[in-house]
Amino acid sequence: MYTAPKQPDILERLRAGEPIRLNDPEYAAINKIVTKTIGLSQSMNAAPDVDTVRDFLAEIIGSKIDRSTTIFAPFYTNFGVFTTIGKNVFINHACSFLDMGGIAIEDDVLIGPRVNLVTENHPLDPSDRRTLITKPILIKRNAWIGAGATILPGVTIGENAIVAAGAVVSKDVLANMIVAGVPAKIIKNI
């Protein structure tokens, strides 16, 4: 007897970058995670110390965060479960990670205050604008993201690269490069 192949669930489709519309019959699965994340985020941002903040964020992302990693509250995320954080990472105050497309942060990364990592976007067509389109962000080992920088969907920040404060990064940054500006452009090779 023929059995149809299993269709990917909405979370698999979200990670794959497929357009997700509000009327998707599985959209409630996304809302369930968002609701849980909102509740845990309130507790995390009221935590009295960095160890407790790390523990709450580990619960949000669903995996252990190494004790060598420090996250300063407040920290904001809308989803959380598609974020991975390496060892010896430092995330400063008031960062925002919109991770429905996936955020991977490798070891020894420095992230300044008010940095935005945004993996989510919407179509240009006004009639379809509420549709969600995602692309992952990867920040490679020993990169430094300066205060107030924004990294947009689909961007990889290379090993040892530096993103200057306030930059808006819409294209990949090669290893050992410094980028600055809006939009970010290469200003120097390290």
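Now for a quick tour of the structure. (Residues numbered from 1 in each chain as written. Predicted model: local features only at pLDDT ≥ 70, side-chain atom pairs only at ≥ 80, totals over all residues. Heavy atoms only, no water.)

Remarks on the packing of helix α2 (residues 27-45) against helix α3 (residues 50-61)
This is how it is decided: Note on method: axes are straight lines fitted to C-alpha atoms, helices fitted across the in-contact stretch only, with angles between N-to-C directions ranging 0 to 180 degrees. Runs of H or I in DSSP of at least four residues are treated as helices and runs of E of at least two as strands, each being numbered from the N terminus. The cut-offs work like this: below 35 degrees is roughly parallel, past 145 is roughly antiparallel, 65 to 115 is roughly perpendicular, and the gaps in between are oblique. Contacts were defined at the residue level, with two residues in contact if any of their heavy atoms lie within 4.5 Å. Put simply, Ala, Val, Leu, Ile, Met, Phe, Trp, Tyr, Cys and Pro go in the nonpolar bin, Asp, Glu, Lys and Arg in the charged bin, and everything else, Gly too, in the polar bin.
Where α2 contacts α3, the axes come no closer than 9 Å and their chain directions differ by 175°. By the angle between their directions, the pair α2 and α3 is classed as roughly antiparallel. Taking contact as the criterion, the partners of Thr37, Leu40, Ser41, Ser43 and Met44 in α2 are, on α3, Val53, Phe56, Leu57, Glu59 and Ile60. Classifying every residue of the contact of α2 with α3 by side-chain character gives six nonpolar, three polar and one charged.

Quick word on unusual backbone geometry
The criterion, for reference: Burial classification: accessible surface area is computed with a 1.4 Å probe over protein chains only, and a residue below 20% of its type maximum counts as buried, one above 50% as exposed, and the rest as partly exposed.
Cis geometry is adopted by the peptide bond preceding Pro74, which originates at Ala73 and carries an omega value of 0°. When you line up the elements, Pro74 lands in the loop between β1 (70-71) and β2 (75-77). Note that the residue after Val182, namely Pro183, is joined by a cis bond; omega there is -5°. Mapped onto the secondary structure, Pro183 falls in the loop between β17 (177-180) and β18 (185-189). The backbone phi angle of Asn160 is positive, close to 65°, even though this residue is not glycine. Assessed through its relative accessible area of 23%, Asn160 is described here as partly exposed.

Here we look at the sheet that holds β2
The test is simple: Between any two strands, at least two bridges found by DSSP are needed for them to pair.
The sheet built from five strands is open, its strands ordered β2-β5-β8-β13-β16 with parallel pairing. Each of the sheet's edge strands pairs with one partner strand only, and the pair in question is β2 and β16 (168-169). In this sheet, strand β8 (residues 116-118) lies alongside strand β5 (residues 95-98) in parallel orientation, the contact comprising three bridges. What sits directly across from Ser96, in β8, is Asn116.

So, the sheet that holds strand β15 (residues 162-163)
What the seven strands build is an open sheet, ordered β1-β4-β7-β12-β15-β17-β18; its pairing is mixed. With one partner strand each, in any of the chains shown, β1 and β18 form the two edges of the open sheet. Two elements, β17 and β18, share four bridges in a ladder whose sense is antiparallel. Pairing of Ile178 across the sheet is with Lys188, part of β18.

A few points about the side chain of Ser41
Structurally, Ser41 is set in helix α2. Setting aside residues up to four positions removed in sequence, Ser41 forms contacts with Ile60 and Thr77.

Examining the pairing of β5
Both β2 and β5 contribute to a ladder of three bridges, which runs parallel. Paired with Tyr76 across the bridge in β5 is Ser96.

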